[in-house]
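Given next are the chains, with one letter for each unit.
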Amino acid sequence: MSEAQFVKVKYRLTEQVATPGGMTAGMASDRAQRELAAHAGDAMKSIGAMIGRLEIMVRDQEVSLDTVYNEASTVLDIAGLFDKRVLCDACYSLCELVDRQRAHNRLDWASIGVHVNALRLLWTRDGQDPDSLKSVVDGLWTITDRLAP
Amino acid sequence: MALDPKIRINLDRSVVLLVEQNAQAMDALTAMFRGFGVRKQFKATSGAEAMHVVKTQELDLIVADAAMPDMDGYDFIRWLRRDAPDASRFTPVIMLTGHAARSMVEKSRDCGANFVVARPFTPELLLQRVFWVAKDERQMVVAENYVGPDRRFKNMGPPLGVKGRRKDDLSTHVGAATAPNMDQSDIDMLLKPMKAQL
């Protein structure tokens, strides 16, 4: 076993955050939330376009699992920055499903199709009736969990 | 534990590198950090761009997405911790992740980021992690298979029967008592203030 070295590091960030001025954490969060809200419309449109591409992939059944995974994880990446929890959960289930299919070397378009249809539904009904949307996501996880990790 | 909303935080002079391949996500991240008061932000959409910024700028914080087209975020952090110029090697890093694919779990653990933030998250949570990084007092570990912040938040000593790798490592195994327990009166005497003889 090699000897590990321990290095004491002093970050400039530590001094910077404590310098006089700046703002309260509450104010910074509110400002960030407002700045972010200005991009939410474009982001949701972009997510809609990505779900459209996933729908085409499911219809044509010509692409690899890696391609589906990359598209689904991009939806997750964007939705995750806007705190779209339900959409993220559904997308996470799709990513997990595709990852498990890759691990088992099998391709089941039907289960992927169910996920993509659900993504479209959740995207269309963003923010409405959280309980019923959550039950949709629970159903997706039931499908994903049929395949062992 | 949530960040106290009354606590003051000043990021006016901080230089932040954002590494994110997707344009929409980059816009969102930029907006968040602008809201936090960060004036100087560098943006990189690939590992190669991020490496160039690291080599040419003095950075105070790096926020990197795990998924990138050429080299993923984990490989970028690995490069940063091992092969970047000395001035930048230990720059604090917050890694943003989406889905954790099975093949990436070990890479994520070993990449050397200060904190990993899983999506979805709110600006409040990201600000809290920035604050945590600023207050992070963990030492950097430089070992054959890992370079990054000490992954132990508390030093509990090495496991039983294992010789520690730090000079100051002590075993948690205390062993059986070699002397009888002290009386409460003896303990009280030890704590009692005494007049010093000058």
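In this text, all values refer to a predicted model and were calculated from it rather than measured experimentally.

A. The overall build of chain A, seen in detail. Scanning chain A from terminus to terminus reveals six helices and two strands. Its helices and strands taken in sequence order, chain A reads β-α-β-α-α-α-α-α from the N to the C terminus. For chain A, the C-alpha atoms occupy an extent of roughly 60 × 50 × 30 Å along the three principal directions. When burial is assessed residue by residue, chain A has 36% of its 149 residues classed as buried. Residue pairs at least 24 apart in sequence account for 66% of intrachain contacts in chain A once pairs closer than 6 positions are excluded.

B. Local environment of the overall build of chain B. Looking only at helices and strands, chain B has six helices and eight strands in total. The order of helices and strands in chain B, counted from the N terminus, is β-β-α-β-α-β-α-β-α-β-α-β-β-α. When contacts within chain B are restricted to residue pairs at least 6 apart in sequence, long-range pairs at least 24 apart make up 55% of them.

C. Quick look at the confidence of the model for chain A. For chain A, per-residue confidence averages 93 on the pLDDT scale, and 99% of positions sit at 70 or higher. Within chain A, the element-level pLDDT minimum falls on strand β1 (residues 5-7) of chain A, averaging 90, and the maximum on helix α5 (residues 109-124) of chain A, averaging 96.

D. Looking closely at α5(A). Residues and elements named next belong to chain A. With 16 residues, α5 should reach 22 Å at 1.5 Å per residue; the first-to-last C-alpha distance of 22 Å fits that figure. Regarding α5, the residues found buried are Ile112, His115, Val116, Ala118, Leu119 and Leu122. Looking down the long axis of α5, one finds its buried residues gathered within 160 degrees of arc, a one-sided arrangement. In α5, the exposed residues that point more than 90 degrees away from the buried face are Ala110 and Thr124. Where the residues of α5 are buried, they touch α2 (25-60), α3 (65-81), α4 (85-103) and α6 (130-144).

E. Structural context of the interface of chain A and chain B. In this complex, chain A contributes 52 residues to the contact, which on the side of chain B involves 53 residues. Going through the elements one at a time, β1, α1 (12-18), β2 (23-24), α2, α3 and α4 of chain A are the ones with two or more residues in the side of chain A that touches chain B. Top contributing element to the side of chain A that touches chain B by residue count: α2(A), with 15 residues. Of the strand pairs in this sheet, β1(A) and strand β7 (residues 140-142) of chain B are connected by three bridges, and their pairing is antiparallel. Within β7(B), the position partnered with A:Val7 by the bridge is B:Met140.

F. Seen up close, the sheet that holds β1(A). A sheet is described by the order of its strands in space; here three strands give the open sequence β1(A)-β7(B)-β8(B), paired in antiparallel fashion. Either end of the sheet is taken by a strand with one partner, and the two such strands are β1 of chain A together with β8 (147-149) of chain B. The average undirected angle you get between the axes of adjacent strands in this sheet is 25 degrees. The pairing of β7(B) with β8(B) spans three bridges and is classified as antiparallel. By the bridge assignment, B:Met140 is partnered in β8(B) with B:Pro149.

G. Representation of the packing of α3(A) against α4(A). Residues and elements named next belong to chain A. Direction vectors running N to C along α3 and α4 enclose 155 degrees, while the axes themselves pass 9 Å from each other. For the element pair α3 / α4, the angle class is roughly antiparallel. In the crossing of α3 with α4, the sense of the turn from one axis to the other is left-handed. Residues Leu65, Val68, Tyr69, Ala72, Ser73, Val75, Leu76, Ala79 and Gly80 of α3 form the contact with α4, whose participating residues are Leu87, Cys88, Cys91, Tyr92, Leu94, Cys95, Val98, Asp99, Gln101 and Arg102. Across the contact of α3 with α4, the residue classes tally to 14 nonpolar, three polar and two charged.

H. Summary view of the sheet that holds strand β4 (residues 61-65) of chain B. Residue and element names in this part refer to chain B. Taken in spatial order, the five strands line up as β3-β2-β4-β5-β6 in an open sheet, and their pairing is parallel. The open sheet has two edge strands, β3 (40-44) and β6 (115-118), and neither has a second partner. Within this sheet the neighbouring strands show an average axis-to-axis angle of 20 degrees, counted without direction. The pairing of strand β2 (residues 15-19) with β4 spans four bridges and is parallel. Pairing of leucine 17 across the sheet is with isoleucine 62, part of β4. Each of β2, β4 and β5 (93-97) touches helix α3 (residues 73-83); the most contacted strand, β4, lies at about 150 degrees to it.

I. Structural detail: the environment of B:Val19. All names here are of chain B. Take valine 19: it is sitting in strand β2. For the pair valine 19 and leucine 96, spaced 77 residues apart in sequence, the C-alpha separation works out to 9.6 Å. Excluding residues within four positions of it along the chain, valine 19 makes contact with Ala44, Ala50, Ile62, Ala64, Asp65, Met68, Gly73 and Phe76.

J. Region of the structure containing the pairing of β4(B). All names here are of chain B. For β4, the tally of buried residues reaches five of five residues, placing the bulk of the element in the interior. Looking at chain direction, β4 and β5 are connected through four bridges and run parallel. In the strand pairing of β5, alanine 64 is matched with methionine 95. Taken together, β4, α3 and β5 constitute a β-α-β crossover, and its handedness is right-handed.

Basis of the calculations
Residues numbered from 1 in each chain as written. Chains lettered and ligands numbered in written order. Predicted model: local features only at pLDDT ≥ 70, side-chain atom pairs only at ≥ 80, totals over all residues. Helix = DSSP H or I, 4+ residues; strand = E, 2+ residues; numbered from the N terminus. Buried ≥ 20, exposed ≤ 12 C-beta atoms within 10 Å, placed from the backbone. Contact = placed C-beta atoms within 7 Å. pLDDT = per-residue confidence, 0-100. Expected span 1.5 Å × (residues − 1). Arc of directions from axis to C-beta. Pairing = 2+ DSSP bridges. Axes fitted to C-alpha atoms, helices over the stretch in contact; angles between N-to-C directions. Parallel < 35°, antiparallel > 145°, perpendicular 65-115°, else oblique. Left-handed = near helix turned anticlockwise from the far one by under 90°. Nonpolar A, V, L, I, M, F, W, Y, C, P; charged D, E, K, R; others polar. Right-handed = clockwise from strand over helix to strand, strands pointing away.

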